[in-house]
Amino acid sequence: MASVNSSDWRAICEQFTTALNLTEVESRKDPENDPFRSKYKAREILREIYSALKNFEATEADSETSGERGEEQVVDGEKDGQCFYGDSPAGWRAAKLAAVEYFLGVNHIETEELSAGQEHLMNCMKLIDKWSTSSMNVSLVIHVKNQLGILWSGRDETETAKAFLETAEGTYLRYMKKEGSPPTDMTEYFSTEENQLTHQERTKRFELAYTHTKYYLAQVYQYLGETELSATYCHSTLQRQLQLNQFNPMEWALNAATLSQYYINKGLYMEGRHCLSAATVISGLAGEVPSEAAAEESEQEQERRDQLRQKRADIARCWIKYCLNLLLDAKKALEDNIGELDGDRQEELKAARRAEVEEEEKSRKSALLFGSEDTFDSIASLEEKVQSLTPLDFTDARALFLVGQTYVTQAKEYFEMDGFVTDHIEILQDHSALFRALAFFEDDLERRCKMHKRRVDMLEPICNDLNGHYYLVIRRQLMFELAEIYNEMMDLKLTVANCQSDTETLDSHTIKKLNHLCGASAKFFEMFLESLRSPEGKLPEVLEEEVLRPALVARFRVARLYSRVICPVISDKLENLNKSLDHYKYVAQYGDAHPEASAAVETELELSREMVSLLPIKINRLKAQMISNN
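Note that the structure is predicted; figures quoted are calculated from it, not measured. (Residues numbered from 1 in each chain as written. Predicted model: local features only at pLDDT ≥ 70, side-chain atom pairs only at ≥ 80, totals over all residues. Heavy atoms only, no water.)

### Topic: the overall build of the protein
(1) Moving on: Check the secondary structure of the protein and you find 23 helices and zero strands.
(2) Moving on: Compactness check: the protein gives a C-alpha radius of gyration of 34 Å against a globular reference of 25 Å for 630 residues, more than 25% above the reference.
(3) Moving on: Expressed along its principal axes, the backbone C-alpha trace of the protein runs to roughly 125 × 60 × 60 Å.
(4) Moving on: In the protein, buried positions account for 46% of the 630 residues.
(5) Moving on: In the protein, 69% of the contacts between residues at least 6 apart in sequence involve partners at least 24 apart. (Helix = DSSP H or I, 4+ residues; strand = E, 2+ residues; numbered from the N terminus. Rg over C-alpha atoms; globule rule 2.2 N^0.38 Å. Buried < 20%, exposed > 50% of the residue type's maximum accessible area, 1.4 Å probe, protein only. Contact = heavy atoms within 4.5 Å.)

### Examining unusual backbone geometry
(1) Moving on: A positive phi angle, close to 65°, is found at Glu112, a residue other than glycine.
(2) Moving on: What makes Glu112 exposed here is its relative accessible area of 64%.
(3) Moving on: One non-glycine residue, Asn245, adopts positive backbone phi at about 55°.
(4) Moving on: Topologically, Asn245 is positioned in the loop between helix 8 (227–244) and helix 9 (249–265).

### Focus: the side chain of Arg317
(1) Moving on: Checked against the element boundaries, Arg317 lands in helix 12 (residues 299–334).
(2) Moving on: Filtering out sequence-adjacent residues up to four positions away, Arg317 remains in contact with Ala411, Phe415, Asp423, Glu426 and Ile427.

### Focus on the environment of Pro550
(1) Moving on: Along the chain, Pro550 turns up in helix 21 (residues 545–564).
(2) Moving on: Pro550 sits 67 residues away from Ala483 along the chain, and the two C-alpha atoms are 12 Å apart.
(3) Moving on: Among all residues touching Pro550, those that are not within four sequence positions of it are Phe480 and Phe528.

### What about helix 5 (residues 138–154)?
(1) Moving on: In this model, helix 5 (17 residues) spans 25 Å end to end at C-alpha, consistent with the 24 Å of a helix rising 1.5 Å per residue.
(2) Moving on: Burial analysis of helix 5 places 14 of its 17 residues in the buried class, the great majority of the element.
(3) Moving on: With its phi angle positive at about 65°, Asp156 sits one or two positions after the end of helix 5. (Expected span 1.5 Å × (residues − 1).)

### Overview of the packing of aromatic side chains
(1) Moving on: Enumeration over the complete set of coordinates arrives at 28 aromatic pairs.
(2) Moving on: Arranged with centres 5.4 Å apart and planes meeting at 80°, the rings of Phe480 and Phe525 form a pair that is edge-to-face. A residue pair is termed long-range when its members are at least 10 positions apart, and Phe480 in helix 19 (residues 472–500) and Phe525 in helix 20 (residues 508–530) qualify at 45 residues.
(3) Moving on: Judged by its relative accessible area of 0%, Phe525 is buried. (Phe/Tyr/Trp six-rings, centres within 6.5 Å; stacked < 30°, edge-to-face > 60°.)

### What about the packing of helix 7 (residues 199–223) against helix 8?
(1) Moving on: Contact geometry for helix 7 and helix 8: axes closest at 8 Å, N-to-C directions at 155°. Taken as axis vectors, helix 7 and helix 8 run roughly antiparallel relative to one another. Like other packed secondary-structure pairs, helix 7 and helix 8 cross with a definite hand, here left-handed. On helix 8, the residues touching Lys204, Glu207, Leu208, Tyr210, Thr211, Lys214, Tyr215, Leu217, Ala218, Tyr221 and Gln222 of helix 7 are Thr227, Leu229, Ser230, Tyr233, Cys234, Ser236, Thr237, Arg240, Gln241 and Leu244.
(2) Moving on: Partitioning the contact of helix 7 with helix 8 into residue classes produces ten nonpolar, seven polar and four charged. (Axes fitted to C-alpha atoms, helices over the stretch in contact; angles between N-to-C directions. Parallel < 35°, antiparallel > 145°, perpendicular 65-115°, else oblique. Left-handed = near helix turned anticlockwise from the far one by under 90°. Nonpolar A, V, L, I, M, F, W, Y, C, P; charged D, E, K, R; others polar.)

### Here's the deal with the pattern of salt bridges
(1) Moving on: Considering all chains together, one arrives at 30 salt bridges under this definition.
(2) Moving on: Notably, a salt bridge pairs Glu446 with Lys493, separated by 3.2 Å at the nearest N-O pair. Placement of the pair is Glu446 in helix 18 (residues 445–465) and Lys493 in helix 19, with a sequence separation of 47 residues.
(3) Moving on: Among the residues examined, Glu446 registers a relative accessible area of 32% and is labelled partly exposed.
(4) Moving on: On the basis of relative accessible area, Lys493 is assigned to the partly exposed category, the value being 23%.
(5) Moving on: Where Arg549 meets Glu604, a salt bridge forms, and the shortest distance between an N and an O atom there is 3.6 Å. (Salt bridge = Lys/Arg side-chain N within 4 Å of Asp/Glu carboxyl O.)

### Comments concerning the side chain of Thr237
(1) Moving on: In this structure, Thr237 sits in helix 8.
(2) Moving on: Other than its neighbours up to four places away in sequence, Thr237 contacts Thr211, Lys214 and Tyr215.

Structure follows, in structure tokens:
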């Protein structure tokens, strides 16, 4: 190879610098009608470099014996029990040729010529395969395997991608265990002595290459359904990006917020809270959201405003899910067999809380925490404001509810009804669910009823205004939820009334209120059932799987509601009981005609069959009473 100080070698180094500049800088300025112009120029230069290197190699091969052989394997590159030393002069020459093949491969991939790109990358692998992994070529080995992993992943050949990426990781780990020092970077193959990288910069680039390996592995594991492994690699990737200071604040924050959802679904709320706190703090590094005035004057500012607002709203939605899931898990741990708060269980969990707090602190000390010197304190400060242990009483539940409600407000500022119908309604549904979870902890039944009224106030106007043709599924969800809310309010009002008197002495105002709630619940259940009709107005003979349970439950609930209407006139009561019987019959007959439906509505089906037997007796008794009265 030409001397590092020769004019020929310096010319090659200058060519490489030009090719790199064309690829990384000038290509960003290429016009839309010629998007790869700079990369094509870079390709031609890389080919010239390759030819020059081959000429140098031929010249030097005449004056050298064949490459040095090692007596035993060093790290990689085994060949019949032997390998060639990667840090030998011949290995050095091979690495340079392989590096040009690598850059040509990436160039072809970036210009959407995948087959040609793969060929160059495999040529690179062949050139370095027989050489032991050394400080001279280890960075190149990891880079080329990363690229092959990405290439095969893009073709949905995930197992092949996984194999390349896991090999890259193994190469990194073995090298660091054996050597530990930062290796030569590929770009240094074509740098003059005075332009070699510093120890710190070499370390940063090498660690960044391995960070990319972990990042791609996280995606591959997720695709293969290995969610726990994917989450572990994602967490490690995010931490390494912070340590290396190589991240886009909003992208990093959104990835951390997404990772939080994995931990939340696993019930790991301390880890989920940490991810969300880090996401909130790091997203702040992206700066302030441009004002509307600034956005109107600049297209770039408008794009930045939209991106910042959307991604911060997405993070807010992840916080909502955190608060909601933690409240729901608390409810599940505390409720008795009829869905009410179990006082004995509550006291038992409170007694065990001290040990739980100590365990949380111990877990935190051993956890892989995000942050740098600049952000660690801010992340910890935000974490302290939000609990990660399940709330055991109304005070704790309300504190968590208020955090969630704050993020509901933030999320709705971007996801407005005008332009984001589905997102806006999903946020409202989460807000409603927060109220429902909080109501579980409320002892005062009147106050609990008011919480449910808040849910009605936020959902009913939307349900009434929503176009059923375009948003049928969402509207069905809202109708069913509103029916259940009114039903729950009626139960609460009736419980309060029964505590004060019996149904025989209820005042007219209370009866009117109960009947209104009963009617409202039945109305929304029946609206749901009507939405199942075909364009010709016919109800389906066979219910589709996704509506099977909701439809039969709605029928069952309507039947119960008609039987609970308080009627002073016997004829009205008879009419309601007959309607009730019709709905019970529908459920029972559907279950008889479709035995496969039994598993979905086992309890409702059993009770419906029972009521089909009992209600006619009550109806006949009332008929007899009406005749005797006349």
